[in-house]
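Each chain, letter by letter, is given below.
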Amino acid sequence: MDREFAYTESDFNKVRSELRDLTGINLADSKISLVYSRLAPRVRKLGLTEIRQYLRYLETHADEQEHFINALTTNLTSFFREPHHFDLLKDFIASGERVERIWCAASSTGEEPYSIAMTLVNTFGSFDIKTRVVASDIDSNVLNTASLGVYPLQKVDTLENKKHFFLRGKGNNSGYAKVVPQLRQLLDFQRVNLLDENYPIKPDLDVIFCRNVMIYFDKDTQAKILKKLLSKLRPGGLYIAGHSENFNNFAELMQPVGRTAYVKR
Ligand SMILES: C[S@@+](CC[C@H](N)C(=O)[O-])C[C@H]1O[C@@H](n2cnc3c(N)ncnc32)[C@H](O)[C@@H]1O
């Protein structure tokens, strides 16, 4: 294959092992071309000529790690993705459970934590509520996008109550919508690597959303991360996982309460 930058299978294996050490993400053999296309813009920007050269640069420049991670994470998300989880949150609140602190632990570009916040406002019937959402991700680019809260109109157009939650851009901003400040102030954004030993999040959380990120980790890493996440959740708190993340074999720690949703024992 004709490529702008020299790239070998051994480079791919180095990228894989570096990414696994830094983030826990396991890349399958089939991702060899994807990795090249994700790293090529960075290699070009740095004026380098080979992926191997880039890997040496990464070794000797600690601040390159952030760019390397940002380039290789997969950030697919959408507003109210897996809508049954938001219904579950609504029911959890309606049942009288305390819901004051929620952690959205792999929040990508923000659609998920804003969907959580919209659910809170719809359920409590006001923006003036006690509940706060901490949204975190390892990728600093997606966190910046999330924090700005600006989305293309087509992502927002199908949402119920969109006029309540978004301002339509005008002039240079036409084609985009921005989250209203009353919704934005319910969220805090923070960079958190789920692989880290200690999470900078206060314990006694009421709800954790950690969806569609565990799939990138091997089973041992998943178990370790799950235990660390659960140590931050209060007994009786709600843990919501992604559609293909099943934790039914952790029955001693949490009880299933719906599709890939659990209550901590
Ligand atoms: C596919 S997106 C899922 C987004 C959202 N939770 C959803 O379900 O729509 C996965 C996210 O996990 C993040 N991620 C990957 N590894 C991570 C890690 N070690 N710590 C924290 N976030 C991580 C990625 O940056 C990405 O934004």
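Residues numbered from 1 in each chain as written. Predicted model: local features only at pLDDT ≥ 70, side-chain atom pairs only at ≥ 80, totals over all residues. Heavy atoms only, no water.

The protein chain is annotated in an unreviewed UniProt entry as Chemotaxis protein methyltransferase of Maribrevibacterium harenarium. Under Function (unreviewed entry), UniProt gives the following word-for-word description of the protein chain: "Methylation of the membrane-bound methyl-accepting chemotaxis proteins (MCP) to form gamma-glutamyl methyl ester residues in MCP." Of the comments in the UniProt record for the protein chain, the one headed Catalytic activity (unreviewed entry) reads "L-glutamyl-[protein] + S-adenosyl-L-methionine = [protein]-L-glutamate 5-O-methyl ester + S-adenosyl-L-homocysteine". (UniProt positions renumbered as here; feature names shortened; annotations may be inferred.)

A few words now on the overall build of the protein chain. Counting secondary structure elements, the protein chain contains 11 helices and 10 strands. Its C-alpha atoms give the protein chain a radius of gyration of 20 Å, within 12% of the compact-globule value 18 Å for 265 residues. Judged by the C-alpha coordinates and their principal axes, the protein chain covers about 60 × 55 × 30 Å. Relative to its full complement of 265 residues, the protein chain shows a buried share of 49%. Across the protein chain, every contact between residues at least 6 apart in sequence was considered, and the portion connecting residues at least 24 apart equals 71%. (Helix = DSSP H or I, 4+ residues; strand = E, 2+ residues; numbered from the N terminus. Rg over C-alpha atoms; globule rule 2.2 N^0.38 Å. Buried < 20%, exposed > 50% of the residue type's maximum accessible area, 1.4 Å probe, protein only. Contact = heavy atoms within 4.5 Å.)

Sites flagged by UniProt as "binding site: S-adenosyl-L-methionine" (unreviewed entry) map to Asn75, Thr77, Arg81, Glu112, Asp137, Asn193, Leu194, Arg211 and Asn212. Among residues more than four places away in sequence, those in contact with Arg81 are Leu76, Phe86, Arg211, Asn212 and His243. Separated by 3.0 Å, the side chain of Arg81 and the backbone oxygen of Leu76 make a polar contact. Looking at the secondary structure, you find Arg211 in the loop between strand 7 (205-210) and helix 11 (219-230). Ignoring anything within four residues of it in the chain, the contact list for Arg211 reads Arg81, Glu82, His85, Phe86, Glu112, Ile240, Ala241, Gly242 and Glu245. One polar contact links Arg211 to His85, side chain to side chain, over a distance of 3.0 Å. (Polar contact = N/O pair within 3.5 Å; in protein donor to acceptor, adjacent residues only side chain to side chain.)

Moving on to the sheet that holds strand 2 (residues 132-137). Taken together, seven strands build an open sheet; the order of strands is 6-2-1-7-8-10-9 and the sheet is mixed. Either end of the sheet is taken by a strand with one partner, and the two such strands are strand 6 (187-191) and strand 9 (254-258). For this sheet, the mean inter-axis angle between neighbouring strands, taken without regard to orientation, is 20°. (Pairing = 2+ DSSP bridges. Axes fitted to C-alpha atoms, helices over the stretch in contact; angles between N-to-C directions.)

On to the domain arrangement of the protein chain, then. Interfaces are often sized by the amount of accessible area the parts lose when they come together. You can read the domains of the protein chain as domain 1 (9-72) and domain 2 (84-264). Put simply, the middle of domain 1 and the middle of domain 2, counted by C-alpha atoms, are 29 Å apart. Facing the 10 residues of domain 1 at the interface are 10 residues of domain 2. Where domain 1 abuts domain 2, roughly 830 Å² becomes buried across the two surfaces, and 47% of that area is made up of carbon and sulfur atoms. Broken down residue by residue, the surface that domain 1 buries against domain 2 is led by Thr23, Asn26 and Asn70, which jointly contribute 46%. Remark: the boundary between domain 1 and domain 2 carries zero salt bridges. Linking domain 1 to domain 2 there are four residue pairs in polar contact (both at pLDDT 80 or more). Put simply, the parts of the chain that give the side of domain 1 that touches domain 2 at least two residues each are helix 1 (9-23) and helix 4 (64-72). (Domains from an automatic or database assignment. Buried area = accessible area lost by both parts, 1.4 Å probe. Salt bridge = Lys/Arg side-chain N within 4 Å of Asp/Glu carboxyl O.)

Attention now moves to the site of the ligand. Taken together, 22 residues lie around the ligand, and Thr77, Arg81, Glu112, Asp137 and Asn212 are the ones closest in. Note that an oxygen atom of the ligand is positioned 2.8 Å from one of the side-chain N or O atoms of Arg81. Glu112 has a polar side-chain atom sitting 2.8 Å from a nitrogen atom of the ligand. If the ligand stood free it would expose 600 Å²; the protein chains cover 99% of that surface. For the shell around the ligand, the per-class residue count stands at nine nonpolar, eight polar and five charged. (Near = heavy atom within 4 Å. Areas by Shrake-Rupley, 256 points an atom, 1.4 Å probe, with all protein chains shown as cover. Nonpolar A, V, L, I, M, F, W, Y, C, P; charged D, E, K, R; others polar.)

With that settled, consider the pattern of salt bridges. Close approach of charged atoms allows side chains of opposite charge to pair. One pass over the structure, following the stated rule, counts 10 salt bridges. Two residues, Arg42 and Glu64, come together in a salt bridge whose shortest N-O distance is 2.8 Å. Of this pair, Arg42 sits in helix 2 (residues 32-45) while Glu64 sits in helix 4, placing them 22 residues apart in sequence. Like Arg42, the residue Glu64 is buried in the burial classification. Residues Arg211 and Glu112 are paired through a salt bridge, measuring 2.4 Å at the closest nitrogen-oxygen approach. Separated by 99 residues along the polypeptide, Arg211 in the loop between strand 7 and helix 11 and Glu112 in helix 6 (residues 111-124) bring together distant segments of the chain. Taken as a pair, Arg211 and Glu112 share a single burial class, namely buried. Within this structure, Glu97, Arg98, Asp204, Asp206 and Arg234 form a network of salt bridges that share partners.

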